[in-house]
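Take a look at the letters that make up each chain.
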Amino acid sequence: MQIPAPFDYVRASTVDNAFALLERHGPESRVVAGGHSLLPMMKLRLARPECLVDINDVFELDFVLRDGDTLRIGAMTRHSTLLESAEIARLFPIVGDAERVIADPTVRNRGTIGGSLCQADPAKDLSTVCKVLGAQAVVRGPAGERLLSMSEFHRGPYETAVAHNELLCEVRIPIRARSGSAYEKVERRVGDWAVVAAGASVTLAADGTIDDVRIGLTAVGIVGTATEAEAVLRGRHPGEDLFVEAGRLAALASDPVADQRGPVDYKRHLADELTRRVLRRATARATETQEG
Amino acid sequence: MQISMTVNGKDITEEAEPRVLLVHFIRDVLRLTGSHRGCDTSNCGTCVVLMDGQSVKSCTVLAAMADGHSITTVEGLASGATLDPVQQGFMEEHGLQCGFCTPGMMLTARALLDNNPHPDEGEIREAISGQMCRCTGYATIVRSVQWAAQHPATQEETAGEEVTA
Ligand SMILES: Cc1cc2nc3c(=O)[nH]c(=O)nc-3n(C[C@H](O)[C@H](O)[C@H](O)COP(=O)(O)OP(=O)(O)OC[C@H]3O[C@@H](n4cnc5c(N)ncnc54)[C@H](O)[C@@H]3O)c2cc1C
Ligand code: FES
Ligand code: FES
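Residues numbered from 1 in each chain as written. Chains lettered and ligands numbered in written order. Predicted model: local features only at pLDDT ≥ 70, side-chain atom pairs only at ≥ 80, totals over all residues. Heavy atoms only, no water.

### Looking at the overall build of chain A
Here comes step 1: Each helix and strand counted, chain A has 12 helices and 13 strands in total.
Here comes step 2: For chain A, the C-alpha radius of gyration of 19 Å lies close to 19 Å, the compact-globule estimate for 292 residues.
Here comes step 3: Seen through its C-alpha atoms, chain A measures out along the principal axes to roughly 60 × 45 × 30 Å.
Here comes step 4: Burial analysis of chain A (292 residues in total) assigns 54% to the buried set. (Helix = DSSP H or I, 4+ residues; strand = E, 2+ residues; numbered from the N terminus. Rg over C-alpha atoms; globule rule 2.2 N^0.38 Å. Buried < 20%, exposed > 50% of the residue type's maximum accessible area, 1.4 Å probe, protein only.)

Structure representation (structure tokens):
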């Protein structure tokens, strides 16, 4: 079995302590959260940090709390906690849809939302979820705090705006009335990465038309959201014809690559079909919810 | 570095490099070889142990990260000569053939029953979905966990909980 290259290990007790440790151990030090992306990469020697700063004891980053019209989720919140939270299930059903198909329950006991977003793998389900929900990332460093949209946060595959001496501390999701969301993923087997997945969030106006909509796709090479598909939906009454058109546009905008998970045509087909399904489900959920 | 943890109820302190994975620490340092290693990709689940009562893949946790925590391995399931109902269930319902996946399966089952003493078949299958068995086809594993769920010891635990809840 593969073993990581040697490194030093230190534990941070607070966010400020983590900054100090990252500073002290220099540019080749790295934060470890759940370790379920980083340790596999270290075993394969795709990552060789000289020092790991363990933030599992930084309990101030482990919270889910409602603050007015915002839900705040600490970066150290585990997948399993996200899945179990009744408040998240009620406000953002897309999170439960996605969490149920992220890895397996044992991996979900360790992996965190912060690690998922910081890993910035294009196949990461929570990146799509956060994009679709219009989430903001709270990034803190010795110099202070920055509030970034998901498109500012994710600079590209495996690249984020978080500097070496900074931490992603929390994710803030706006709570909106008459909104619904959904996620659906096609995977080859339980716990695998997505062949393709789609997520949507729909906000209805008082007259039942679509006030706002966001569509995100996982693993098909779309940076940001599927803006053309969103544009045909805004201001219109939701309905099957419209969803079909949105699916077509989302598939057109997608740019998948052929790999062991499937050929390009198949992935485009999934982008189309999954977009329709999540729009249907998100709209139905928005109709059911009155409260924000 | 020095690493201390509670393993199967016993406090231990050992020397190990930070890069030592928990599964190696358990097998090679503590010589508890019931926890197996089966892959390099965190997929197979044969290395599963309980950390503070929750199932974790010990190939994807550093021993250093488990410092200060409580670990249960398959060796800690039985109390003396009395098998855990999960172990008995695997015997009664033929939940194993080669036995390679079995320690991980049993520990996940224990964690499941501690949280949910009346799991339905879907919940059992979901709980073990991060673990592979190349022999049984899973059907007998599911039945083994169901056997354990119906065991008087499991039922008593819940009765107790309901009274105190
Ligand atoms: C078998 C398996 C299957 C999986 N399947 C899926 C799947 O289907 N879908 C999916 O989305 N994911 C999947 N994952 C990934 C899983 O969700 C990981 O747990 C998660 O991506 C990483 O979270 P972590 O806390 O383990 O991060 P870590 O591995 O600890 O960290 C990942 C990276 O983020 C950095 N980091 C972590 N936290 C912070 C922070 N707060 N601030 C700054 N930097 C930080 C680390 O330095 C590292 O570079 C799978 C993982 C495994 C092992
Ligand atoms: S050895 Fe395969 S998951 Fe741990
Ligand atoms: S009994 Fe052989 S792998 Fe499960």
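### Observations regarding the interface of chain A and chain B
Here comes step 1: Facing the 31 residues of chain A at the interface are 31 residues of chain B.
Here comes step 2: Between chain A and chain B lies a buried interface of about 2500 Å² when both sides are counted; carbon and sulfur atoms form 59% of it.
Here comes step 3: Connecting chain A to chain B are 2 salt bridges.
Here comes step 4: For the interface between chain A and chain B, the tally reads 11 residue pairs in polar contact (both at pLDDT 80 or more).
Here comes step 5: Every element with two or more residues in the side of chain A that touches chain B is listed here: strand E1 (8–11), helix H2 (38–43), strand E3 (51–54) and helix H6 (105–108) of chain A. (Contact = heavy atoms within 4.5 Å. Buried area = accessible area lost by both parts, 1.4 Å probe. Salt bridge = Lys/Arg side-chain N within 4 Å of Asp/Glu carboxyl O. Polar contact = N/O pair within 3.5 Å; in protein donor to acceptor, adjacent residues only side chain to side chain.)

### A short note on the domain arrangement of chain B
Residues and elements named next belong to chain B.
Here comes step 1: Looking at the assigned domains, one finds that chain B contains domain 1 (2–76) and domain 2 (85–152).
Here comes step 2: Taken over C-alpha atoms, the centre of domain 1 sits 21 Å from the centre of domain 2.
Here comes step 3: Every contact between the two is made by 17 residues of domain 1 and, on the other side, 14 residues of domain 2.
Here comes step 4: When the two sides are added together, the surface that domain 1 and domain 2 hide from each other amounts to roughly 1100 Å², 66% of it contributed by carbon and sulfur.
Here comes step 5: Contact with domain 2 buries area across many residues of domain 1, yet Val 48, Leu 50 and Val 74 alone supply 37% of it, more than any other trio.
Here comes step 6: On the surface where domain 1 and domain 2 come into contact, there are 0 salt bridges.
Here comes step 7: For the pair domain 1 and domain 2, the interface holds 4 residue pairs in polar contact (both at pLDDT 80 or more).
Here comes step 8: Elements represented by at least two residues in the side of domain 1 that touches domain 2 include exactly strand E3 (48–51) and strand E4 (54–57). (Domains from an automatic or database assignment.)

### Focus: the site of ligand 1
Here comes step 1: Taken together, 34 residues lie around ligand 1, and Val 31, Leu 38, Thr 112, Lys 124 and Asp 125 of chain A are the ones closest in.
Here comes step 2: In this structure, ligand 1 sits where chains A and B come together, each supplying nearby residues.
Here comes step 3: Here Arg 30 of chain A contributes a side-chain N or O atom positioned 3.0 Å from an oxygen atom of ligand 1.
Here comes step 4: Between an oxygen atom of ligand 1 and a main-chain N or O atom of Ala 33 of chain A, the distance comes to 2.7 Å.
Here comes step 5: Against a free-state accessible area of 970 Å², the protein chains account for coverage of 96% of ligand 1.
Here comes step 6: Looking at which element gives the most residues to the shell around ligand 1, the answer is helix H7 (residues 113–119) of chain A, with 5 residues.
Here comes step 7: Counted by class, the shell around ligand 1 contains 14 nonpolar, 15 polar and 5 charged residues. (Near = heavy atom within 4 Å. Areas by Shrake-Rupley, 256 points an atom, 1.4 Å probe, with all protein chains shown as cover. Nonpolar A, V, L, I, M, F, W, Y, C, P; charged D, E, K, R; others polar.)

### Here's the deal with the domain arrangement of chain A
Here comes step 1: Each domain of chain A was delimited in the assignment, giving domain 1 (8–54), domain 2 (59–174) and domain 3 (179–291).
Here comes step 2: With centres defined by C-alpha atoms, the gap from domain 1 of chain A to domain 3 of chain A works out at 36 Å.

### Structural notes on the UniProt feature "domain: FAD-binding PCMH-type" (unreviewed entry) in chain A
Here comes step 1: UniProt annotation of "domain: FAD-binding PCMH-type" (unreviewed entry) refers to residues 2–178 of chain A when read in the numbering used here.
Here comes step 2: With 33% helix and 26% strand, residues 2–178 of chain A has its two end C-alpha atoms placed 50 Å apart. (UniProt positions renumbered as here; feature names shortened; annotations may be inferred.)

### Some details on the pairing of strand E2 (residues 29–32) of chain A
All names here are of chain A.
Here comes step 1: In this structure, E2 lies alongside E3, joined through 4 bridges in parallel fashion. Residue pairing across strands places Val 31 opposite Val 53, the latter belonging to E3.
Here comes step 2: Chirality of the crossover, the property in question, places the unit of E2, H2 and E3 among those that are right-handed. (Pairing = 2+ DSSP bridges. Right-handed = clockwise from strand over helix to strand, strands pointing away.)

### What to know about unusual backbone geometry
Here comes step 1: Positive phi, close to 50°, is recorded for Ala 103 of chain A, a residue that is not glycine.
Here comes step 2: Counting through the fold element by element, Ala 103 of chain A comes out in the loop between helix H5 (93–99) and H6.
Here comes step 3: Residue Ala 103 of chain A is classed as buried on the basis of its relative accessible area, which comes to 18%.
Here comes step 4: Positive phi, close to 70°, is recorded for Tyr 138 of chain B, a residue that is not glycine.
Here comes step 5: Within the secondary structure layout, Tyr 138 of chain B lies in the loop between helix H4 (121–127) and helix H5 (139–149).

### What to know about the sheet that holds E1 of chain A
Residues and elements named next belong to chain A.
Here comes step 1: Read from one edge of the open sheet, 3 strands run E1-E3-E2, paired in parallel fashion. Both edges of this open sheet fall to E1 and E2, since each of them pairs with a single strand only. Here the average twist between neighbouring strands, direction ignored, is 25°. (Axes fitted to C-alpha atoms, helices over the stretch in contact; angles between N-to-C directions.)

### Some words on helix H12 (residues 264–288) of chain A
An α-helix turns once every 3.6 residues. As a result, residues three or four positions apart point the same way.
All names here are of chain A.
Here comes step 1: The terminal C-alpha atoms of H12, which comprises 25 residues, lie 36 Å apart, in line with the 36 Å expected from a rise of 1.5 Å per residue.
Here comes step 2: Listed in full, the buried residues belonging to H12 are Lys 267, Leu 270, Ala 271, Asp 272, Leu 274, Thr 275, Val 278, Leu 279, Ala 282, Thr 283 and Ala 286.
Here comes step 3: Check the buried side of H12 and you find it contacts strand E11 (179–187), strand E12 (194–204), strand E13 (210–218), helix H10 (227–233) and helix H11 (240–253). (Expected span 1.5 Å × (residues − 1).)

### Let's talk about the nonpolar core
Residue and element names in this part refer to chain A.
Here comes step 1: In this structure, Phe 92, Ile 94, Val 95, Ile 113, Leu 117 and Val 129 are the most contacted members of the largest nonpolar core, which totals 34 residues.
Here comes step 2: When residues of this core are assigned to domains, at least three fall in each of domain 2 (59–174) and domain 3 (179–291).
Here comes step 3: Residue contacts for Phe 92: discarding those within four places in its chain leaves Leu 71, Leu 133, Ile 173, Pro 174, Ile 175 and Ser 181. (Core = buried A, V, L, I, M, F, W, Y, C linked by side-chain atoms within 4.5 Å.)

### Things to note about the environment of His 164 of chain A
All names here are of chain A.
Here comes step 1: Note that His 164 resides in the loop between strand E9 (159–160) and strand E10 (167–174).
Here comes step 2: Classification of His 164 by relative accessible area gives partly exposed; the value is 34%.
Here comes step 3: Measuring from C-alpha to C-alpha, the distance between His 164 and Leu 133 comes to 27 Å, with 31 residues separating the pair along the chain.
Here comes step 4: Once you skip the residues sitting within four places of it in the chain, His 164 turns out to touch Leu 22, Gly 26, Pro 27 and Ser 29.

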